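Spelled out from the first residue to the last, the chains are:
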Amino acid sequence: MTSKIRIVSLSLALAAAASLGLAGCSGSGSGASTSGADKTTIGISFENGVGFREGQKRFYQIAAKKLNVSLEFQVAQNDAQRQSSQIKTMVSQGDQGIIILPLDPVAIEADIKTLNTAKVPVTTVDVAPKDVNSVKFHVGSDPLADGKAAAAEFVKLADGKPFKIVEMQGALNSNTGVARSKGLHDGLTGHDNVQIVSIVPTDWKPEPALTGIQNALQTHSDLAGIYLPTDGQIPAAYSALSAVNKKVKVGEPGHVAIVSIDGDPNGCQGVKDAYVDLDLATDVPNMTLHSLQQTVNLVQGKPVSIKSPEYLPSIAVTPSTIAANESKVWGCSQGG
Amino acid sequence: MQRFSSRLSPQIVSVLGVIVIVIVIFSILSPGFLALGNVSNLLLQASSTAIAASGMTLVIMAGWIDLSIGSLMSLAVTIALAAAGVTSAAYGSSSIWTYFIVIGVSIAGGALNGVLIWALKVQPLLVTLGTMTIFSGIALHITSAGNRSASGPIQYLGRAVVFGIPLPVIVAVVVVVVIAFLLRRTPFGRYVTAIGGSERSARETGLPINRLRIVVFAISGLCAGIAGIITVGQVGTMQSTFGVGFEFTVITAVVVGGTSLTGGKGSVIGSALGAILLTLIDNGLNRVNASVYIYDVITGLVLLVAVLTDSVVMGRIRRMNVRIRQAGLERSQKTPST
Amino acid sequence: MIRSSLGSLVRKAPMVPVLIIILVVFSIISRGFLSVFSIQSILLDASVLTVAALGGMLVFLVSGIDLSVGATVAGASVTAAIVGQLTHNPGLSLGSALLIGGVIGAINGALIGFAKFVPFIVTLAMLLVVTALAYLAAAAYSGQGATAGSVPMLDSILAFGQGVTFGLPNLFPTVIVAVIVIALVLYFTRFGRQIRLVGQNEDAARFNGLNVPLIKFFVYTLAGVLSGIAGCLLGMRLGAGNPAGGDSLLLQVITAVIIGGTTLLGGHGGAIRTLFGALVIVALTQGLSTIGFQFWDQNIVLGFVILLGTQIGRLWGTSSRTA
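Residues numbered from 1 in each chain as written. Chains lettered and ligands numbered in written order. Predicted model: local features only at pLDDT ≥ 70, side-chain atom pairs only at ≥ 80, totals over all residues. Heavy atoms only, no water.

1. Some thoughts on the overall build of chain B
Consideration 1: Counting its regular elements, chain B contains 13 helices and 4 strands.
Consideration 2: For 338 residues, the compact-globule estimate of 2.2 N^0.38 gives 20 Å, and the C-alpha radius of gyration of chain B, at 22 Å, lies within 12% of that figure.
Consideration 3: Along the first, second and third principal axes, the C-alpha set of chain B runs to 85 × 55 × 40 Å.
Consideration 4: As displayed, chain B has an accessible area near 13300 Å², and 69% of this comes from carbon and sulfur atoms.
Consideration 5: With 21 positive and 8 negative side-chain charges, chain B shows a spacing of 9 Å between the two charge centroids. (Helix = DSSP H or I, 4+ residues; strand = E, 2+ residues; numbered from the N terminus. Rg over C-alpha atoms; globule rule 2.2 N^0.38 Å. Areas by Shrake-Rupley, 256 points an atom, 1.4 Å probe, with all protein chains shown as cover. Lys, Arg positive; Asp, Glu negative; His and termini not counted. Charge placed at Lys NZ, Arg CZ, Asp CG, Glu CD.)

What follows is the structure, given as structure tokens:
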């Protein structure tokens, strides 16, 4: 019996070593930092749970090449404790500047204080700390404005007539999700002809979006619009619409309006195919570039050249304007 | 003497009872709940859970548990899509081979669970906890937590409609019937139930438990794979969160359906009804625009109520059986044997 | 319990040499791993995990499982934060967390011990309910419609939690105290002996006149209180009570308990072993982080650690094969 245990343990250990090697090969590329003497090393305390982050990471790497800076990513995966530890680790590894994507806007204050005490320049990106002035520079999108822009689009499409829409909500423990929803509601006040008939919490996932839209289409056969807080749910919207033969292009009779936010490949394609009326593309290229640039400035002892906090407006694209603005939408540059 | 079979009727009755109550409540709160279109939606939305719950019922009947089905589902679809060359959220298409790869990986992963439990000689709870972590880790490694487009042939199963009935519903019915048949009317099913009753006795009677275990977990994996194909085909995209927490939904459906976690007692039809009940609640809460926080609270409460009902009902039946047996004993003691 | 021979050290506390190996290996391949900052991080991260894992270990000892541990920790931290903000009283703030933890544990214990429900289901249901209530509480406190995110902890508590004394984080001595207390209870009190007896053979324990339901009730309640303490530690560590704070904790707790050497069969386990189990996990994940492993790759390693760790419990040779 014991020999069997040994064999099994040995083989498990071998398998572990093999997978370690495998993981290490692809893992070290993005994580381990080079200690090049003349290259500034910036540590990014990141989160990698949703596809959107992939886009942000890619553009950080593009920006890093442009600014000739080396990056180290540490991913904390929803664990604020781990983020706190990783920030300290990055400092002890010699990173000269830290960019944080805060997982917990309140808890991150403590880490910012630690970094300030250690005299390491710190900036935040995308999610603002509770007190946005505790860092010298923050850049992010403006989810409230995005929601309002979406509302404006629905109002325009409704043209005074009754217009029923269904709202998918992003995660309600994230400011982005809450603000995108609030923006929509704020933008619709005073326009009673546009009615939100159903609010579906989706936690950014496409499966609840599918069932939510299915249910809404079933209950309201005159559903005229769908609000998606993230482009990742566009395929789910397509699926629900196709099932009841309502996947119709913009401008054609029976079209159900889709307004979405993110600017990822799905959004880009959706607008090009003219199924999505409006996609509010987050300005990822500039967000990452400004974030990195200002952090490097701080590291080099220079002042921040952009007033903080900076909220970058999203790039609104519709089927008629996508061709001209394609280069600005980050998702369009991610080919298959 | 009429003995209440502890296998079928009371559990099904109590689940059906809860379903009826829920339907009544939601029909009042939201007219149109029972419209044909909504019922069709409901059954469609319940299909993948029902399929996975069938496989899980088999596992739990034997007194085991499988925590890895969500991650296995995700891994199988990930590998299949990667093999089809899909590397982004919006481009690339699956092929007909995608089906085979998902099925193959699901069965292999399930069988691996069975083998590991055999080799490591510890509870399935812990082993499947480990494989759950490994499977999801590998899946995310392949996609780097990005989204993957699930377009092309992989959508057929999830979206086809046959004679007005969504294909996933038909598949679910077939799977439920097949596994119920396996469980009740084949030696295999009897062995599985026997293991659930008492693994030691089963071993002493010479049952090849290790081999049976591999088969059972492979079936569970297969069911998870089918459920995954249906879900991802319907949604049209695979996110990094695909399958997360699915095992808990499925186990909830199985328990609510009356199957006992200690093994030896349960019903596949009950699990399917449990899946429908959970979908009913979700659908109903959706229609009344309930606060997001309420969803989980209600699911948790339903779970507790189901376990409570089951224990109360089973307690009553046990007492009734005891009384019947006692009455039978007394009678045979009074009448002299001829 | 301290034996002198090295071989039995490995049997008794296999995680100690493993921890040493991890520390050595990572300090070689990754610069800064043994820096003050880094060690402090490991100790801090391990603090919350260890205390929660102590509760998990106790539950394992009576052949149970507690899926609600993460949710209870998060709920307790939110409670401490809200009460702290409302009353500005550190004592009330921390006390309320312990109370909530105890109440949740007591409900678990009552349903599992007295009503004899299956621990998996009861604690799963509790996980759902407690998480939802924690979110509700946080949302209610931040005002309707606002982010159901974190609630700041009281400043005075924060200062203690973030502070460092003689180079050690303030929180860590609390953990050491908890570990010692639990270890003493387990091995030198009648209650502790009863717990181990129940775990080893429940029927025999019952025949010997032990009130098994009551013992289980107390075990789950104690585990709940420990989760409450862990919630306080988490809140102090982060400076906020976050309803999502327990999400990754469940898996880490079970892993720490398993590789510490406590089996699910019950009866064998130890507080000190659990402490080292927690330290190993934290050191391992931190080390992997520093050499560039993404969290999914860390998970692959963690999964293997779980599988291998189950064999450690078997070194005690307690079981014949189990399902």
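2. Quick look at the interface of chain B and chain A
Consideration 1: Facing 37 residues of chain B, the contacting portion of chain A comprises 39 residues.
Consideration 2: Summed over both sides, the interface between chain B and chain A buries roughly 3100 Å², with carbon and sulfur atoms accounting for 51% of that surface.
Consideration 3: Our enumeration of links across chain B and chain A arrives at 12 residue pairs in polar contact (both at pLDDT 80 or more).
Consideration 4: For the side of chain B that touches chain A, the elements supplying multiple residues, two or more each, are helix H2 (36-61), helix H4 (96-120), helix H5 (124-143), helix H10 (209-235), helix H12 (268-287) and helix H13 (292-334) of chain B.
Consideration 5: Across the side of chain B that touches chain A, the residue classes tally to 13 nonpolar, 21 polar and 3 charged. (Contact = heavy atoms within 4.5 Å. Buried area = accessible area lost by both parts, 1.4 Å probe. Polar contact = N/O pair within 3.5 Å; in protein donor to acceptor, adjacent residues only side chain to side chain. Nonpolar A, V, L, I, M, F, W, Y, C, P; charged D, E, K, R; others polar.)

3. A short note on unusual backbone geometry
Consideration 1: Omega for the peptide link from A:Ser308 to A:Pro309 comes to -5 degrees, which places this bond in the cis form.
Consideration 2: Along the chain, A:Pro309 falls in the loop between helix H10 (284-299) and strand E11 (310-312).
Consideration 3: In the Ramachandran plot, A:Asp126 falls in the positive-phi region, its phi being about 70 degrees despite a non-glycine side chain.
Consideration 4: Looking at A:Asp126, the relative accessible area reads 13%, which means it is buried.
Consideration 5: Phi angles above zero are rare outside glycine, and B:Ser144 is one such case at about 55 degrees.
Consideration 6: Tracing the chain through its elements places B:Ser144 in the loop between H5 and strand E1 (148-149).
Consideration 7: On the accessibility criterion, B:Ser144 (30% relative accessible area) is partly exposed. (Buried < 20%, exposed > 50% of the residue type's maximum accessible area, 1.4 Å probe, protein only.)

4. Description of a positive patch on the surface
Consideration 1: Positive charge collects at one region of the surface, where B:Arg316, B:Arg318, B:Arg319 and B:Arg323 lie side by side.
Consideration 2: Checked against the element boundaries, B:Arg319 lands in helix H13. (Patch = residues over 30% accessible without salt bridge, like charges linked within 9 Å, V, L, I, M, F, W, Y side chains within 5 Å. Salt bridge = Lys/Arg side-chain N within 4 Å of Asp/Glu carboxyl O.)

5. Here's the deal with the sheet that holds strand E1 (residues 40-46) of chain A
Across a sheet, paired strands are connected by hydrogen bonds in the backbone, their directions being either parallel or antiparallel.
Residues and elements named next belong to chain A.
Consideration 1: Taken in spatial order, the 6 strands line up as E2-E1-E3-E4-E5-E11 in an open sheet, and their pairing is parallel. Looking along the sheet, the strands with just one partner apiece sit at the ends: strand E2 (69-75) and E11. Going across the sheet, the axis of each strand differs from the next one's by a mean of 20 degrees, ignoring polarity.
Consideration 2: In the sheet, strand E5 (residues 138-141) pairs with E11 via 3 bridges, with the strands oriented parallel. Directly across from Ser 141, in E11, lies its bridge partner Leu 312.
Consideration 3: Against the sheet, helix H3 (residues 80-92) engages E1, E2 and strand E3 (97-100), with an angle of about 175 degrees to E1.
Consideration 4: Taken strand by strand, H10 contacts E1, E2, E3, strand E4 (122-125), E5 and E11, and its axis lies near 150 degrees from that of E3. (Pairing = 2+ DSSP bridges. Axes fitted to C-alpha atoms, helices over the stretch in contact; angles between N-to-C directions.)

6. As for the sheet that holds strand E7 (residues 194-201) of chain A
All names here are of chain A.
Consideration 1: Here we have 6 strands laid out as an open sheet, ordered E7-E6-E8-E9-E10-E12, and mixed in their pairing. At either margin of the open sheet sits one strand with a lone partner, and together these are E7 and strand E12 (315-317). Each strand of the sheet is rotated relative to its neighbour by a mean of 15 degrees, with strand direction disregarded.
Consideration 2: Bridge count for strand E6 (residues 163-169) against strand E8 (residues 223-228) is 4 bridges, and the pairing is parallel. Bridging from a neighbouring strand, Val 166 pairs with Ile 226 of E8.

7. Details of helix H5 (residues 143-158) of chain A
All names here are of chain A.
Consideration 1: Over its 16 residues, H5 runs 23 Å from end to end, which matches the ideal 22 Å to within 8%, given 1.5 Å per residue.
Consideration 2: Restricting attention to buried positions, one finds in H5 the residues Pro 143, Asp 146, Gly 147, Ala 150, Ala 151, Glu 153, Phe 154, Val 155 and Ala 158.
Consideration 3: Two residues or fewer past H5, Asp 159 is found with a positive phi of approximately 55 degrees. (Expected span 1.5 Å × (residues − 1).)

8. Considering the confidence of the model for chain A
Consideration 1: In this model, chain A carries an average pLDDT of 85, and 88% of its residues clear a pLDDT of 70 or more.
Consideration 2: Within the model, the stretch residues 23-37 of chain A combines pLDDT values under 50 with 24 contacts to residues more than four positions away or in other chains. (pLDDT = per-residue confidence, 0-100.)

9. A closer look at the packing of helix H3 (residues 36-61) of chain C against helix H13 (residues 271-290) of chain C
Helix-helix packing is described using two parameters, namely the angle between the two axes and the distance between the axes.
Residue and element names in this part refer to chain C.
Consideration 1: Close contact between H3 and H13 brings their axes to 8 Å; oriented N to C, the two are set at 135 degrees. Judged by the angle between their axes, H3 and H13 are oblique. For the pair H3 and H13, the crossing hand works out as right-handed. Residues Ser 38, Ser 41, Ile 42, Leu 43, Asp 45, Ala 46, Leu 49, Thr 50, Ala 53, Leu 54 and Met 57 of H3 lie in contact with H13, whose contacting residues are Ala 271, Thr 274, Leu 275, Ala 278, Leu 279, Val 282, Ala 283 and Gln 286.
Consideration 2: Looking at the contact of H3 with H13 residue by residue, the class counts come to 13 nonpolar, 5 polar and 1 charged. (Parallel < 35°, antiparallel > 145°, perpendicular 65-115°, else oblique. Left-handed = near helix turned anticlockwise from the far one by under 90°.)

10. As for the state of the cysteines
Residue and element names in this part refer to chain A.
Consideration 1: In the structure shown here, the tally under the stated rule is 1 disulfide over all chains.
Consideration 2: Two residues share a disulfide in this structure: Cys 268 and Cys 332, whose sulfurs sit 2.0 Å from each other. Taking the sign of the torsion about the S-S bond as the criterion, the disulfide between Cys 268 and Cys 332, at about 110 degrees, is right-handed. Taken together, the residues span a long stretch of sequence, with Cys 268 in helix H9 (residues 265-272) and Cys 332 in the segment after helix H11 (322-325) at a distance of 64 residues. Comparing Cys 268 with Cys 332, the two get one shared label, buried. (Disulfide = S-S within 2.5 Å.)

11. As for the interface of chain B and chain C
Consideration 1: Chain B puts 43 residues into the contact, and the matching count from chain C is 39 residues.
Consideration 2: Summing both partners gives a buried area of about 3800 Å² for chain B against chain C, and 79% of it is carried by carbon and sulfur.
Consideration 3: At the junction of chain B and chain C, the tally comes to 0 salt bridges.
Consideration 4: Secondary-structure elements contributing two or more residues to the side of chain B that touches chain C are H4, H5, helix H9 (199-204), H10, helix H11 (246-256) and H13 of chain B.
Consideration 5: The element best represented in the side of chain B that touches chain C is H5(B), accounting for 12 residues.
Consideration 6: When its residues are assigned to classes, the side of chain B that touches chain C shows 26 nonpolar, 11 polar and 6 charged.

12. Here's the deal with the environment of B:Asn41
Consideration 1: Summarising the element assignment, B:Asn41 is placed in helix H2.
Consideration 2: By relative accessible area, which is 11% here, B:Asn41 ends up buried.
Consideration 3: In the structure, B:Asn41 is positioned 125 residues away from B:Pro166 in sequence and 8.9 Å away in space, judged by C-alpha atoms.
Consideration 4: Residues within four places of B:Asn41 in sequence aside, it is in contact with A:Gln214, A:Asn215 and A:Gln218.

13. Focus: the pattern of salt bridges
Consideration 1: Counted by the stated rule, this structure contains 12 salt bridges over all chains.
Consideration 2: Here A:Asp126 and A:Arg53 are joined by a salt bridge, their closest N and O atoms 3.0 Å apart. You can see A:Asp126 sitting in the loop between E4 and E5 and its partner A:Arg53 sitting in helix H2 (residues 51-67), a full 73 residues away along the chain. No difference in accessibility class separates A:Asp126 from A:Arg53, as the two residues are buried.
Consideration 3: Across the pair C:Arg237 and C:Asp45 runs a salt bridge whose closest N-O atoms are separated by 2.6 Å.

14. Here's the deal with a nonpolar patch on the surface
All names here are of chain B.
Consideration 1: A surface patch of nonpolar side chains, about 550 Å² in accessible area, is lined by Val 162, Phe 163, Ile 165, Ile 170, Val 174 and Val 178.
Consideration 2: For the nonpolar patch, the element with the highest residue contribution is helix H7 (residues 167-185), accounting for 3 residues.
Consideration 3: Residue placement: Val 162 occurs in strand E2 (residues 161-162).
Consideration 4: On the accessibility criterion, Val 162 (30% relative accessible area) is partly exposed.

15. What to know about the packing of aromatic side chains
Any aromatic ring pair is given by two values, namely how distant the centres are and how the planes are angled relative to each other.
Consideration 1: One pass over the structure, following the stated rule, counts 13 aromatic pairs over all chains.
Consideration 2: Clustering of aromatic rings is evident, with ring pairs tying together C:Phe114, C:Phe191, C:Phe217 and C:Phe218.
Consideration 3: We note A:Lys247 situated over the ring of A:Tyr275; from NZ or CZ to the ring centre the distance is 4.6 Å.
Consideration 4: One Lys or Arg, A:Lys249, reaches over the ring of A:Tyr275 and ends 5.4 Å from the middle of that ring. (Phe/Tyr/Trp six-rings, centres within 6.5 Å; stacked < 30°, edge-to-face > 60°. Lys NZ or Arg CZ within 6 Å of the ring centre and 35° of its normal.)

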